[in-house]
Structures are given as C-alpha cells and as structure tokens.
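# A look at the structure
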4 protein chains.
Amino acid sequence: MTNALYNHLNDCLKKARKTMDFSPTEKTLEYRKRLIEFIKENIEPIEADYHKDIRRINPDGDWRHWQVPPAVAELKQKAREQGLWNLFLPDAELGAGLSTLEYAPLAEVMGHSLLAPEIFNCNAPDTGNMEVLYHFGSAEQKQQWLTPLLAGDIRSVFCMTEPDVASSDATNMQTSIVADGDDVVINGRKWWSTGLGHPDAKFAIVMGLTDVEAAKHQRHSMVIVPLETAGVSVERMLPAFGEYDAPYGHGEVRFDNVRVPKENLIAGLGDGFKIAQGRLGPGRIHHCMRALGAAEKALQLYMQRGQERIAFGRPLLQLGGNMERVADMRIGIDQARLLTFFAAWKIDQVGAMKALAEISAIKVAAPNVLQQVVDETIQLYGGAGMSHDTPLTQLFAVARALRIADGPDAVHRATIAKVELNKYRER
Amino acid sequence: MTNALYNHLNDCLKKARKTMDFSPTEKTLEYRKRLIEFIKENIEPIEADYHKDIRRINPDGDWRHWQVPPAVAELKQKAREQGLWNLFLPDAELGAGLSTLEYAPLAEVMGHSLLAPEIFNCNAPDTGNMEVLYHFGSAEQKQQWLTPLLAGDIRSVFCMTEPDVASSDATNMQTSIVADGDDVVINGRKWWSTGLGHPDAKFAIVMGLTDVEAAKHQRHSMVIVPLETAGVSVERMLPAFGEYDAPYGHGEVRFDNVRVPKENLIAGLGDGFKIAQGRLGPGRIHHCMRALGAAEKALQLYMQRGQERIAFGRPLLQLGGNMERVADMRIGIDQARLLTFFAAWKIDQVGAMKALAEISAIKVAAPNVLQQVVDETIQLYGGAGMSHDTPLTQLFAVARALRIADGPDAVHRATIAKVELNKYRER
Amino acid sequence: MTNALYNHLNDCLKKARKTMDFSPTEKTLEYRKRLIEFIKENIEPIEADYHKDIRRINPDGDWRHWQVPPAVAELKQKAREQGLWNLFLPDAELGAGLSTLEYAPLAEVMGHSLLAPEIFNCNAPDTGNMEVLYHFGSAEQKQQWLTPLLAGDIRSVFCMTEPDVASSDATNMQTSIVADGDDVVINGRKWWSTGLGHPDAKFAIVMGLTDVEAAKHQRHSMVIVPLETAGVSVERMLPAFGEYDAPYGHGEVRFDNVRVPKENLIAGLGDGFKIAQGRLGPGRIHHCMRALGAAEKALQLYMQRGQERIAFGRPLLQLGGNMERVADMRIGIDQARLLTFFAAWKIDQVGAMKALAEISAIKVAAPNVLQQVVDETIQLYGGAGMSHDTPLTQLFAVARALRIADGPDAVHRATIAKVELNKYRER
Amino acid sequence: MTNALYNHLNDCLKKARKTMDFSPTEKTLEYRKRLIEFIKENIEPIEADYHKDIRRINPDGDWRHWQVPPAVAELKQKAREQGLWNLFLPDAELGAGLSTLEYAPLAEVMGHSLLAPEIFNCNAPDTGNMEVLYHFGSAEQKQQWLTPLLAGDIRSVFCMTEPDVASSDATNMQTSIVADGDDVVINGRKWWSTGLGHPDAKFAIVMGLTDVEAAKHQRHSMVIVPLETAGVSVERMLPAFGEYDAPYGHGEVRFDNVRVPKENLIAGLGDGFKIAQGRLGPGRIHHCMRALGAAEKALQLYMQRGQERIAFGRPLLQLGGNMERVADMRIGIDQARLLTFFAAWKIDQVGAMKALAEISAIKVAAPNVLQQVVDETIQLYGGAGMSHDTPLTQLFAVARALRIADGPDAVHRATIAKVELNKYRER
C-alpha cells in the first residue's frame, strides 16, 4: 500500500509541522481581494489598449527600439503605494511574508492578466532572480542589484538554455564560467533569455560550466553579468509562436570573453546547481498558478462566447459536445489547482529538493490544462480566436512555451516516474 | 474572475466554519494504520484463495446456490472486535464519528482490496442504506433493519435502476409505489440491484413513482420491502464484464402487486428524491476513494511487473513509454484524490446539495482514472492481466461499472457544466 | 521527402505489378453478398439464443464438459454446401483462390457475428494452422491434419505464448523442442492456446526452442503434437475479461517429455521463426478486419439505442457530445479499414516480411478503434451494455485481447518506429 | 450490416464506373517526380532565406508596404516553362487534366513547402476561385479574370467569413448582394479573406445574402468585386497565431454600397450556395493533402532532430516514449492519407455533393493529425521549435487555422453524424 501522500504526511505530522490546510489565510484573502479590485479598476480597463499600443510602438522584433507604454510605470507606482508589491517574496519586510502556499492563489489571480505580474513586481524572471539574490547574494550584490529590483527600477535576465545542445539535460551545458585571477571569464551562447529585450534590463544571472571534472552537482556556477559588459552581444529576440512579447522579449545572447570581478559570483564557484534547484521550486508554483489563472480566464471567455454567439438557432454552448467540454475543462483546472497547492504546501514543509516529484507533476499538469483549455476556446471563437482580437493566442504561446521552459514535459515525467520507482526500491 | 473554489471558501470563512484542511486527523491516521495492519495480516494473505474459493463454490450465475466462505464471518467478527467497524457512519456511537473527509482516506485503504469493505461493514449498498435509515428511518425501522445491518448480521439491497428506461434520467422511472389503505403497493421491475444475490440479503429499499402530477422532486417514494414478501421475484443475476460478483451479485427483480404496510415507507410518500440526494453525496465519495485505492493497487502491480519481467534485455518499465505512463498514472491518481478530498470537505461544510458540481466532478474523474490505470496495467501484464490470475479484470469491471452506476459520466458532466453556466447567469 | 507509400508504390509499378486497387473484385462482391444473406438468414436469427445456450450448457470454465450446440454442425454443413467455406485460403481448389485483399472484406463481414467465422470454417487459430500446413506441411501432414481441418471435422490449437516469460519478446521462449533419435521431445508450458477447450480439438502446433546457439532466427522449431500424446496435460481454461469463450477456450497446457516422431516437425528443425512470420501476416489482416466488422456492429448498436432510448426528453443520440462521438467512430473505423486494405495489398504484392510496418500499423489501429467504439457503446447502453444482454462485453474482450495477442501494441509500435528510422539511416 | 463504403461501391460498380484504385497514374507519378526535383533544386535551397527575407521586408502587419521577393516571380516563370503549372485544374488544356485523385499526391508534395503552392500556381484561394470561374464564369469573366489568374499574373481573394456572426452556420451571413438596376450593390464586412494583402490581388469573389425569403439554398449570390471599386475598404490584416503570412495576409474588408455591374455576378442571383458546394469539395482535398505533406515534413524534422540531439547520453529518439510517438504519427498520417484518397475518389465518381460525409471526415482527420504531429515535433525541438528557426510554428498555424477554416471541426462532425444517422432512417 504505497502511498506517497500519506506516508509523507505521516512524517510531517510526526515532526509536528503544519497540517495540509489549503484554505487561504486571512492575509491571502485580503491580498487577493485587493489584487482583484486593483486589476478590475486599473488593469482590465486598459489592458486591451495596452496590447494594441505595445504592438503599435513595438511593431516587430527589433528590440533596440522597444518602448514601454507610460501606463506601466504609473500602475506600478500605484500598486507599490498600495502595498501590492513583491508579494512573492517570503521575507516579511522586503516582501509580504507569505509562504509558497499563501502566495499561490495570488499568482493565480495575477495570471488572469498578461500585464498584471509586472505591475505587482511579481513577474518572471525577476522573481526568481530576486529569490536567488535574497537567499544566496552577498551584501554588496543585494545592495547593487536586489534593492533596485525590489523597487521595480530595473529588470533582470536569467541565462540558462543554450541553442546548440539539448538543454533539457543540464549536463549538456557548454557556456563556461572560469576563474582567471580576480575575474571570472564567461564564454558561450544562451537563448530564450526572457526579458533581455526590455529597455530597463540591466544584468543577467548566467549559469555556466566551471569544472567538468567536479562531482556532477558541483560543476556549474552562477554569475552576475551587467549587460553593458564588454563581450556581451544581444543578437536577436526570438518569437514564441509569433509573439515577441515586447517589451520583454526572449533573447539570444553571446558571451565572448566576458570578464567580471569574482565578486559577481553568486555563492561560489561550483554552487550553480544548488542555487538552481532552490530557484526553481517556488518559481514553478508561480508559473503553474499563473497558468491556471490564465486557464480560468480562457474558460470565462469560452462561457461568454458560448452564450452570446448563435449558430443553427442555438447558443454555441448548447451545440454538440460543448457543455461536456466545459465540464472537462472545469475538472481539469480544479484538479491541477489542488495538485499545485499540494506541491506548494510540500515545498513549504520540506523544501523543494524533497518535493521534486510533486513539482514535476504540476509542471506537467498545469501547462497542459492551459493548452487544452485555450485550444478549445480558440476553436469556439473561430477566426477571432486566432487573431489578436482576443488574448487567446498569447495565452496559447504561454502554455506552449511553459511545456518546454523550466524542463520539458518529458524530463518532468521522468522525474516523477523515478521517484515512484524509488518507493519500491527503498523497501 | 469567476472562481468557485475561492468564492465558496470566502463564504465558508465568513461563516466561521472549518478551514480546508486535507490532512488526516489523528483519528483518521490511527484508524488508517490499524486498517492497513488488519488488511496486511488478515485479508491480503487469504485474498487470492478467497477469490479462487468464491469461483469454485459459486461457479456460475445461479445465485440460489451461492455461498459465503466461512472466512468472511470470522474476519468480520475480528474486525468488529477491534472496532474497525461501521467507520463510514458519522454517528460517534453507532459508527466512528468521522466526517466525510475523515473517512475518505479509510475508504481508499479499503479500496486496495475487493474483500475489505465487507469485512469492515463498510460495503455498498449497505452503507448507503444504513445512512438512509439513520437519517430518515423511524424508530421501528431502525430497530428492525438498521440494528442488524450495523451488526453485519444481514445485508440489504437498493433498487433504483430499471431495465426498460434510460435510468440516467430519474424522471423516467416507471416502478410505482402507491398507497392503498394501510398498505403501499409496489409494481415494476428493477435491475442492477447490487447485493441481491447474497444469502443474507433480507430487504430492499425500493424507489418508485408515487404521484406523477406532483412537483418534480416530490413524485417519488422510498419503501422498505422484505425480500420474502409475496410478489417479489428475483429473476436473475447480471454479469458485469463477465463477473457475477458472487456472493453479492447484481440482480434483476420484479415487483408484482407487492404489498407492504405504510410503516415501511421511509419518511413519507413523495420524499424519495430528497432521501436519494442525501444518500448519494457521501456514497459517491466512498466509491471514488475506493476507486483511487484500487488505482493505487493497480499501479503497484504495474511497478512490480514492470521491474520483474524482462523483454528485449530490459525490465518492461524501461521499455518504450512505460515510465511516462507511470508519471501520468501518478499525476492522475493524485489529482483525483485531492479533488475527492475537496468534494468531501465541501459536503461536510455545506451539504451534498450545495456540492453537486464537486461530487459530479469526482464521479467523472476517479472512475476514469481507475479505468485508465487498470487498462495500462492489463496491457503490461499481457495474458495474465486478462485472466483471473490477477485482480485486474475485476478492478476493470469496478471502474467500468462505476462510470455508469450512480449516474453515467454524461449526466455528471451535464451537472458540472450547468453549475458553471449558472455562475455566469447569476451575475 | 520520405514517403513509404509512394516509394514502395514506385517500386511495385516498376515491377509491373498490380496497382493499389481497393475495390472489391467481382468474386469478393459476390461472396460478400452471399455471406451477408447467409448470416441474415441463418446466423442472426439464432445468435442470441446460441450464446444463451452456450452459457447454459457450458456454465463455467470446466472444459472437460464443454459441449457444442448442434446448430453449429448444421450451419457448417449448410455453409459448406453453399461453397461459403475456407474462403481465407488462397488456393483456388482447397479454398476460394482469393488474395489477402480480396478476402479482407469477407473477414469484415464475418466479424459482425461472433459465431460466423466458425460456420464458414474461417476461424482462428485454425485458419493460421491450415495456412502453415498448406505452405510448409509434408504430404503426410497435409493428409492427416490439413484435410480434416479443411473439412471442418476437427479443430486445432496454436501454442506460442508462455506464462513465465514476457512472450512479447519471442527470444524469451523457454519451451524446448529437441531431437532425440527418431523423435522430437517437447518440454514446457504454454498458455492462451486458443481453442484448446474444444471437444473437437485434436492437435496443436507447438513452437519451441531448439538451439539457443543458432542464429537468432533459426533457433525455434514448430511441431505437430496430437493432444492425446502422453505428457500433454491441459491444466485449465483461462477467462479473458470473464469470458471463457466456450466451447473454444484459451488453455494452459503442460508438455512433460512429450515425444512425437520427427515426421511431426513442420519444415525442419530451426524453421519455426520463418514459418511464424508467414503465418502472422494474413492472420493479422483477418483479425483486424473482423475487429472492424465488430466495430461496425457496435456502431450499429450505438445508433439503434441512441435513436430509441429517450432521456431528458430527447433521444440519447441528441444529447451532449454523442453525435460528435458518432463522427469520431465513423472516421476511426473508415481510416483503419483503408489502412488494413493497404496492408493486405502490400502482403499480396511483396509478402508479409516486407510489409512488417504496415501489418504492425493495423495491428495497433484496428483493435484500438474497436475498443474505443465498444467502450462508447457500452456507455450508451448503461447497465445493459455491461451484461450479457448485448454482445458488447464479448466484443470488448475481443478488442482487449487483440491488443495483446499476436504481439502487444508496444511491440508493434516499436516495429513501425524502427522501420521509419531505417528510412533515414538507409539514405 | 450497414457499411457505407461497400454499399456505395456496389452502386459505383453497377454503374460500371472506375474502380477504387489509389495507385498514382503514370501521369501523377511523372508530375510527382518532376515536382520533387523542382522543389529540391529550386525551392528548398532558398526557402529558409525566403522566409527570413519575407520577415525582413514585411516586418509587420502593414500590408500597404508588403513586397514579394523577386525570387518568386522567377521561380513561377521557371515552373510554368516546365509545365508544372495549374496542375490542380481538371481541364486538360488549361490545367493538367488530372482527376481529384490524381492531383491529390501532387498537393501532398507541394505541402512539404510553404512556398511551393504559389510557385506552381496551385495556391488557395486562387485555385478555388479559378475553379469557380472555370465552371460557372461567363466568357467575359473568364477572359478578364480567369486568364490572368491562370497565367499567375494577378491574385484573387474569396470573401466568405464575417466577424459579427458565427460563420460556421452559413445561414447567419449578413453581407448583402442585391440587384439595383444594372448593378448589384454589396454591403457588409468580411474577414479572414486570405490573400487580400498581396500586392497583386486584383479582385475578390464575395458571397452574400440576396433574398432572405428564398429557399434555404437559393438565398445567396456570388459576385466578382475588383478591389479598387469604390466602397471597398481593406481595414487590416489579421495575424493567425502571430503569423501575418505576408505577402498574402488574411484581411478584414468593408463593403459600403459597393456597386458593380450585374455582369459581375457568377452564374446568377441566388446561385451562391450551389457554387460554394462545388468549390469546397476538391479544395478540401487540396487542403488536406497539403496538410499531410506538411505532417510528413514535420515528421521528417522529428526524425532528424531525434537522431542528432543527445540528452542523457542517448539520441532524443531513444528517450521515453518518443519511438512510440513516431509510430503513432506514422499511423495517423497514413490513415488520413488513405481516407483523403477515398474522399477524392468519391468526388471523382459521384461529385462533391454526394461525398459530403467523406469530405467532412478528412477535413476533421487531416488537420488534427497535422496539429498533433507538429505539436510533438515542437516539443522535441524545444525552444527552437517555438521560434522562426524552424517552420514549425508556421505549420502549426496552418493546422490550427485549418481546423476552423472551411467549416470548423464541429460542423464537419455534425455532417458525418447526420449522414450516418440517415443510413438508419432510410431503411
């Protein structure tokens, strides 16, 4: 009677830890209410225009000319004044002091809107980078880079994936980070570095190979590289399903003998893998909850169109299997949300490293639910669903990219199955 | 930003009700531990032989000769002595005083074994019938029928589905229950009346039509019919995917001018629908949790065979997409379990009538997960999986039947979609 | 521009072979018409009673008492007199002189009925065994075994799968067939030997291991073993999803130092693999076409019930996604049929060994279509679909078994993918 | 024993029509060989650069500045000189005299490349428009519009779908085409008018409502509208999954009291529906075959990447379920191709109106196969698959759009199911 859920729970209870309570705390409920109000009052009314503006002022992939509509800075300022700011950060002073589980419902709410995460300074990859600096950064690093990030004054980039190797296997990584006197020298090429096209992007955290002879999890390092450093060449922005995601972008960047002082290393040489693991746990919760918020948004659009449009004398919802689809979408979203809560709870209880299978499970489940829901909604909207008149193709691109980013489905399925197998081997 | 989960939660919290805590209580954990031990020590060692015996002494569908192996009475006695008895009943004296959510993990444990539920006096349809009598029965009815059921001395039947109409639509029901002087008279035909073949089955609760002119939910009645009453003819047992489920069976039964005293009515004439609704909520949780326990059992069998059998030089688990299948099965089971906890919790908080969509959601999700897991496991076992050398075809029959019983998938999907639609209409 | 279809076609055309004409020939059309009439007039009217009789006279798995209803012999006689006999055999005198492609539509017609294939002496495994003897048997073997099989006077068995090893990998086979003086000696255990329970079963063709050191495809032999030979012990019949398939059965049989004269070897020692390959090609076409006939039968039942049964005021067909299901079932069946025609045509053109990928493709496609169609039809029928009141669970068992028998889906998928990969490697 | 395939075939044979021979004719084989050579020598070498050029010279959706790279005209000229021109047109003089079935394999070959169809003057919507003019146009219309289209000198547009109504139900159409003296006057709004952004687009065939009181299939008309006519306003190009498909585009266009002479009506007032039906049959074959060619292309990319990229020490193809995916993709493509051949053959035999179910079947099957294959291929490529470094997102957009264009999946499923149901009603 193998049952990871209970076995683990038994362990937790024995250690007198918190019970598996998925109800939002008072703090979560209050933040959630305020976020919803803020979004309704300030973001929703301008969102359609925002995206039109974005496409108008940033018509193509030439990031050198990308601009940010002024509304963004105003809304950020307003959100910050209201304390709807850095909610993702567990620190009570710098952030809101929320656990992963407490923050999860707030990430979902932000996921209803493609613009909202930045307004509340809760957007990837800055959140992950802030967490890295918060947990592993030196005092100087915190002052120079974490403080302005927390203030929303600058933006940052995370450089991990590489074009020339299967990056799903991190041991394939080729970019080198090697010490040379008081400096470290970076050589290599990264792509899908999200946010690299943003006018405010100031630095990247780069992961690379330091010592191929070291133990498997001590080969890599992470280093802070200011984007204006000599040898850093942003080569292009990559479209994801035709979306450049201006003014953020997903960039391809070359590092040619890029030299930064050793003080820019996060933790030390060889600590890259350890940092990455810690970074990815809560970040995947955020991604998945935003995906489920997006799925709720798409389902909402499905219901609206399904009631309003008439064909063959009936609302679309009443035709064929559409009501069955509604049921399956609702089941899919609700299941995935509860599973994500479970993973968040487990991260809070025992840390991301012991919650690998659960994190992988939601990383498979949530983006696939979103892709499925969006695909059905596009189908219901017909032509309108494929164009920019709805946010559906953008949401589709989010879902499709998320099935690849932060580890493709196949890698996560392998992790889940390995953990399952270990239950039998341990016995 | 429609979101049933939170909206409902907000309501609950406002009313100062219990939070959504899915961790097992101390009581649940202790019962669970003891159930697992009991099953390991007493049931698992004899189970394979039990099923062989059953097939030997009850070789075909002729229920008149069906016998119960003596081990069953012995194990029941033992379980009762240990207090592992009637755990499903919320009453603290007659049962274990557990909420639906507290009982759910225990139902899952029992679901690992096809025999276990009866041993702990927690098997359908007796559990549902006991609940009906507990909540709606008169003192006399309780004394005469509930007491021996609680003692495990007799068994009972629930007669709902009819062969001649689409019973998925309850308004189709044709069996009549009409008052005639001091009696009520029952006419009609029912089938798939589970447990009807059991030597100890003493009475049935029959649902029928009383007043076709009444308001939609006041047309039906429920009445207790002792099986030896004149006019009750058990016609045959029905195989489900070739399984007669001796010594329980699924029976077809005719009621020809069956006459019982009015005292046998449960609640009163016209109360049938109300009783049915209350009966089905917790019962569906039990079914679904047992189904998930069965799915865990099947996955366990998958892992074992997958490690032990070798083909093309490797364990089956390492071939093709089998590890991916493991991941998908694990995700499917864990998601459905959490969703079932959620539905159980909601029943406990606001009652089954206000948890219709959630109950329908798990009623779709859990049996489909079980069917999928069992189908994959059969495929891995090859010929052995199709025979009686494994419990897999029995588990398959359970899954397949459960997608039809207590409302087919289509009806539950319609309920979920209607509730979803109402969220938009209410606004 | 890799494209197996055209490339192969180009080859065929160059060799001036027949074109890919899927239209039934005049002979096929005429046989088809007569088969349909025969089934309508002679088989359909008695089929429901036949299955009831079968269950009555053969109530359980004890094959020693199994009987064949007298109607079977009468119908066989009638079919034989009408020349609807041995149509599967390409030989113009012994059979009907039909190519694989010409016979395919006739196999489909027979698949509408579970009884029909035997009536026309076209049932597995006798068809495969007759083909083996026809192509590889000695004159004596033909006289002794093929002649009475062709006459429908006896029945035969094919012993391949073994209980103790993953038989999906034929190199796992453990049963030994070794020469000893003028005899060969067989030791081992086989199961899922179809037809072994039949009162008329007289011999088995047994495949076993002769020389583990030989080249991979020359290790095995096939030998004719009369069932009354000393050392042959039929141990039991295996139920497939609860169905014993009396009076045929799927048997488990032990061979303990079974000794038969060398003349019983088919071809010679070490020729087993070669024979098996030839046997499986057309046989898989037959299986798949019968499966598609069964799927048509199930779809027909779906349409009938869907029109007749009313729920919520409408025929079931008009509810939810049922009409969409009809479309998907129709597409699935029609696609799989055309693919099976293609595989049959390719066998006729270049032989089974060069049509491996195509044969594997239909072996995956057709049984899965049947399982899906039957599962949906069961769902529409509700309780009736799970019982023996419809042939649906029998059809389900056929589909489920066929996904395992003659190579499980996984093995066939591996073959298809390997062939696809070779296209790239060859270049 | 309902079986549309055979029943229909019987009919055909009785009428002494051609048999169902799917082998390419000598003409097809020769054209196919020459097309492949042309594509290999002339198109493949420049295709990657062509798409980069297109994006460079047409960086956004502003069609007013769209340009066509000069290579296109050169290649068209070359193709025309070689007689690889207008192959789609059944007319032996103006086209190649090929039947629908004969042309189908050529459409597949062209589908391997996004550029190829135009080079051979076989691209939608011009092909459909040429067919309309060929079959229904007056001599003047042919001279003025068909001749330059056949010469590849101009391009054309087909205006059908409207933004404000569910266009899946053609009776919803609101654009009006009414007679006024010697003119017809067009008012309304159309979108997803493919090719509207092309610099060479000269006219549109517009479908609109003429007489709402007429019999259902006589309400609509089709009229030729030169794009420079007063009142025609091209408002914008619509992106499909982020792709503007420059220099073709999918346009939204307004018709404000647009006045053209009655001579511009195709056939007559009220003939729109009749023309549309004829137009859609072969066109859907072309679409589906191109989709299958694109699926072959994607599978080819899958195999290449799967062999070349290494992760976890093995080629991607050898990881997890990837080889199983190859098998399923191969089965899916081959099944859909054969089904499309069948539909093409039926169109040739009995006309599109009597092949509705078959045309609908492929219209569901082929684009879904393409979407599935492309989705898997994107997943294998990871980031590269989402960018413009591969043609995969363009192919995805083609698949996704095709599930909506020319009738969404739901409408085609409804057609198939209705035809299936009629088989039972007719009896």
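The rules behind these values
- Residues numbered from 1 in each chain as written.
- Chains lettered and ligands numbered in written order.
- Predicted model: local features only at pLDDT ≥ 70, side-chain atom pairs only at ≥ 80, totals over all residues.
- Contact = placed C-beta atoms within 7 Å.
- Helix = DSSP H or I, 4+ residues; strand = E, 2+ residues; numbered from the N terminus.
- Nonpolar A, V, L, I, M, F, W, Y, C, P; charged D, E, K, R; others polar.
- Least-squares fit on C-alpha atoms with pLDDT ≥ 70 in both.
- Domains from an automatic or database assignment.
- Expected span 1.5 Å × (residues − 1).
- Buried ≥ 20, exposed ≤ 12 C-beta atoms within 10 Å, placed from the backbone.
- pLDDT = per-residue confidence, 0-100.
- Axes fitted to C-alpha atoms, helices over the stretch in contact; angles between N-to-C directions.
- Parallel < 35°, antiparallel > 145°, perpendicular 65-115°, else oblique.
- Left-handed = near helix turned anticlockwise from the far one by under 90°.

### Let's talk about the interface of chain A and chain B
On the chain B side, the residues contacting the 46 residues of chain A number 46 residues. When contributions to the side of chain A that touches chain B are tallied by element, the ones reaching two or more residues are α1 (4–14), α2 (26–57), α4 (100–111), α8 (272–308), α9 (322–350), α10 (356–381) and α13 (409–426) of chain A. Tallying contributions element by element places α9(A) first for the side of chain A that touches chain B, with 13 residues. Split into classes, the residues belonging to the side of chain A that touches chain B amount to 29 nonpolar, nine polar and eight charged.

### Here we look at the relation of the copies chain C and chain D
Expressed as a screw transformation, the operator carrying chain C onto chain D has a rotation angle of 180 degrees and an axial translation of 0.0 Å, and the superposed copies differ by an RMSD of 0.0 Å. Such a combination of rotation and displacement between the chain copies is what one expects of a two-fold axis. In terms of proximity to the rotation axis, the leading residue of chain C is C:Asp21, whose C-alpha is 1.9 Å off the axis.

### Some words on the domain arrangement of chain A
Residue and element names in this part refer to chain A. Domain parsing of chain A yields domain 1 (26–150), domain 2 (156–270) and domain 3 (273–426). Its C-alpha centre places domain 1 at a distance of 23 Å from the equivalent point of domain 2. Of the residues lining the interface, 19 residues belong to domain 1; the matching set on domain 2 comes to 20 residues. Secondary structure elements with two or more residues in the side of domain 1 that touches domain 2: α6 (126–136) and α7 (139–150). The biggest single contributor to the side of domain 1 that touches domain 2 is α6, with five residues. The class makeup of the residues in the side of domain 1 that touches domain 2 is ten nonpolar, seven polar and two charged.

### As for the relation of the copies chain A and chain B
The transformation that overlays chain A on chain B combines an axial shift of 0.0 Å with a rotation of 180 degrees, and the residual RMSD is 0.0 Å. Comparing interface residues between copies, 100% of those in chain A also sit at the interface in chain B, which points to an isologous, same-surface contact.

### Section: helix α4 (residues 100–111) of chain C
All names here are of chain C. Over its twelve residues, α4 extends 16 Å from the first C-alpha to the last, a length consistent with the 16 Å expected when each residue adds 1.5 Å. Across the twelve residues of α4, twelve count as buried, placing the element largely inside the fold. Buried within α4 are the following residues: Thr100, Leu101, Glu102, Tyr103, Ala104, Pro105, Leu106, Ala107, Glu108, Val109, Met110 and Gly111.

### Here's the deal with the confidence of the model for chain A
Considering every residue of chain A, the mean pLDDT works out to 93; 95% of them sit at 70 or more. Predicted as a complex, the structure gets a pTM of 0.96 and an ipTM equal to 0.95.

### Quick notes on the interface of chain C and chain D
The figure often quoted for interface size is the accessible area lost as the parts come together. Between chain C and chain D, the residue contacts involve 47 residues of the former and 46 residues of the latter. Broken down by secondary-structure element, the contributors of at least two residues to the side of chain C that touches chain D are α1 (4–14), α2 (26–57), α4, α8 (272–308), α9 (322–350), α10 (356–381) and α13 (409–426) of chain C. The biggest single contributor to the side of chain C that touches chain D is α9(C), with 13 residues. A breakdown of the residues in the side of chain C that touches chain D according to their chemical character gives 29 nonpolar, nine polar and nine charged.

### Re the environment of A:Val373
All names here are of chain A. Examined against the element boundaries, valine 373 turns out to sit in helix α10. A tally of 30 C-beta atoms within 10 Å means that valine 373 is categorised as buried. With near-sequence residues (within four places) excluded, valine 373 lies in contact with Ala295, Ala298, Leu299, Met329 and Ile333.

### What about unusual backbone geometry?
With glycine set apart, most residues show a phi of negative sign, and most peptide bonds adopt trans. Backbone torsion omega between D:Ala124 and D:Pro125 reads 0 degrees, so that peptide bond is classified as cis. Within the secondary structure, D:Pro125 sits in the loop between α5 (116–119) and α6 (126–136). Even without being glycine, B:Ala267 reaches a positive phi, approximately 55 degrees. Mapped onto the elements of the fold, B:Ala267 is located in the loop between β7 (250–261) and α8 (272–308).

### Comments concerning the packing of helix α8 (residues 272–308) of chain D against helix α12 (residues 392–402) of chain D
Residues and elements named next belong to chain D. At their nearest, the axes of α8 and α12 sit 11 Å apart, and the two run at 150 degrees to each other. In terms of their interaxial angle, α8 and α12 are classed as roughly antiparallel. Crossing of α8 against α12: the hand is left-handed. Contacts from His287, Ala291, Ala294 and Ala298 of α8 reach α12 at Leu392, Leu395, Val398, Ala399 and Leu402. Split by residue class, the contact of α8 with α12 holds eight nonpolar, one polar and no charged.

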